[in-house]
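# Report on the structure
Spelled out, the chains give:
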Amino acid sequence: MKEQSIIEAAKQLFIEKGYRETSVADIVRASGSSKGNLYHHFKNKEALFLKIIEKDDDHWLHEWSLKSHEFNNAREKFIGLATYSATRQTYHPMRSAVAEFYALESHYSSEIKAKIKEIDDRYTECFMDIIQEGNRQEEWNVGDPWEVSEIASALSVGMVMLYGDYPIEERKRRYVKSAEIFLDGLS
């Protein structure tokens, strides 16, 4: 149970203070744990942060998997993912801390970079499932679904960064517009 209390305390601190401004000492104090206990569960602050992101990502993926069945074809599903992302990702309370964490990526160990890629690839796989479905349904013919999915994922992340503070209806409109432009390029 101590691991969960560390995760919850750290997440709240990352939301309030950001990634860089949250120290291990802050996390220890807020969780009522000890430094030794924190390091027993997590190799370092980066590993703890990635665990938080991964847990949030699990929740996001679960929600999307339930919602993804509402659409009739791959095009609708792609636009549905854009709309879902416009609402869900933008309101993610750790959005700023995640952006700050990713900006420091060049300083991380190869182990941390591999974990970041693993988490990012899970999101890209959502796009790849849709791209492959569109190939099967002959909505488009994409020769390299993974590459196209990585591009779609990068576009979505850019939309979060650029339009994250826009009013919800305007943000959704722009996400849908970007998805339509992207999809028109596949046809």
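Residues numbered from 1 in each chain as written. Predicted model: local features only at pLDDT ≥ 70, side-chain atom pairs only at ≥ 80, totals over all residues. Heavy atoms only, no water.

## A few points about the overall build of the protein
Secondary structure assignment for the protein yields 9 helices and 0 strands. Expressed along its principal axes, the backbone C-alpha trace of the protein runs to roughly 55 × 35 × 30 Å. Looking at the protein as a whole, 46% of its 187 residues are labelled buried. Taking the intrachain contacts of the protein between residues at least 6 apart in sequence as the baseline, contacts between residues at least 24 apart amount to 68%. In the form shown here, the protein has an accessible surface area of approximately 10000 Å², with 52% of it arising from carbon and sulfur atoms. Within the protein, one finds 25 positive and 32 negative side-chain charges whose respective centroids are separated by 6 Å. (Helix = DSSP H or I, 4+ residues; strand = E, 2+ residues; numbered from the N terminus. Buried < 20%, exposed > 50% of the residue type's maximum accessible area, 1.4 Å probe, protein only. Contact = heavy atoms within 4.5 Å. Areas by Shrake-Rupley, 256 points an atom, 1.4 Å probe, with all protein chains shown as cover. Lys, Arg positive; Asp, Glu negative; His and termini not counted. Charge placed at Lys NZ, Arg CZ, Asp CG, Glu CD.)

## Some words on the pattern of salt bridges
Counting across every chain of the model gives 16 salt bridges. Note that K115 and E54 form a salt bridge whose closest N and O atoms lie 2.9 Å from each other. Separated by 61 residues along the polypeptide, K115 in helix α7 (residues 110–136) and E54 in helix α4 (residues 45–67) bring together distant segments of the chain. For K115, a relative accessible area of 23% translates into the label partly exposed. Notably, a salt bridge pairs K115 with E118, separated by 3.0 Å at the nearest N-O pair. Of this pair, K115 and E118 both sit in helix α7, separated by 3 residues, roughly a single helical turn. Its relative accessible area of 40% is what places E118 among the partly exposed residues. What emerges from the salt-bridge pattern is a single network uniting K17, D26 and R29. (Salt bridge = Lys/Arg side-chain N within 4 Å of Asp/Glu carboxyl O.)

## Quick look at empty space enclosed by the protein
Using the criterion set out here, one finds 1 cavity of 30 Å³ or more in the structure. When its volume is computed, the largest cavity comes out at roughly 70 Å³. F78, A82, F127, A152, L155, S156, M159, Y175, S178 and A179 are the residues that line the largest cavity. Among the secondary structure elements, those contributing two or more residues to the lining of the largest cavity are α5 (74–88), α8 (145–163) and α9 (168–186). Here the lining of the largest cavity takes 4 residues from α8, the largest share from any one element. (1 Å grid on protein atoms, 1.4 Å probe; cavity = no way out; pocket = protein on both sides within 12 Å on 5 of 7 lines; lining within 4 Å. Points joined across faces, edges and corners; volume = space filled by probe spheres on them.)

## Things to note about the side chain of E100
With respect to the helices, strands and loops of the structure, E100 is situated in helix α6 (residues 95–103). The buried category is assigned to E100, whose relative accessible area is 18%. Leaving out residues up to four positions away in the same chain, E100 has contacts with G18, Y19, R20 and E21.

## A look at the nonpolar core
Grouped together as the largest cluster of nonpolar side chains are 28 residues, with contacts concentrated most on W60, F78, L81 and L186. For this core, the secondary-structure elements that each account for two or more residues are α4, α5, α7, α8 and α9. Here the element with the most residues in this core is α5; it accounts for 7 residues. Judged by nonpolar contacts, the second largest core, of 24 residues, contains L38, L50, L104 and I112. (Core = buried A, V, L, I, M, F, W, Y, C linked by side-chain atoms within 4.5 Å.)

## Some remarks on unusual backbone geometry
Positive phi is not limited to glycine here, since E138 has a value of about 60 degrees. Relative to the helices and strands, E138 is located in the loop between α7 and α8. According to the relative accessible area criterion, E138 is exposed, its value standing at 71%.

## Re the packing of helix α1 (residues 2–17) against helix α2 (residues 24–31)
Two numbers describe how α1 lies on α2: the axes approach to 8 Å, and their chain directions differ by 125 degrees. It follows that α1 is oblique to α2 by the angle criterion. The element α1 and its partner α2 pack so that their crossing is right-handed. For the pair α1 and α2, the contacting residues are K2, S5, I6, A9, A10, L13, F14 and K17 in the first and D26, I27, A30 and S31 in the second. (Axes fitted to C-alpha atoms, helices over the stretch in contact; angles between N-to-C directions. Parallel < 35°, antiparallel > 145°, perpendicular 65-115°, else oblique. Left-handed = near helix turned anticlockwise from the far one by under 90°.)

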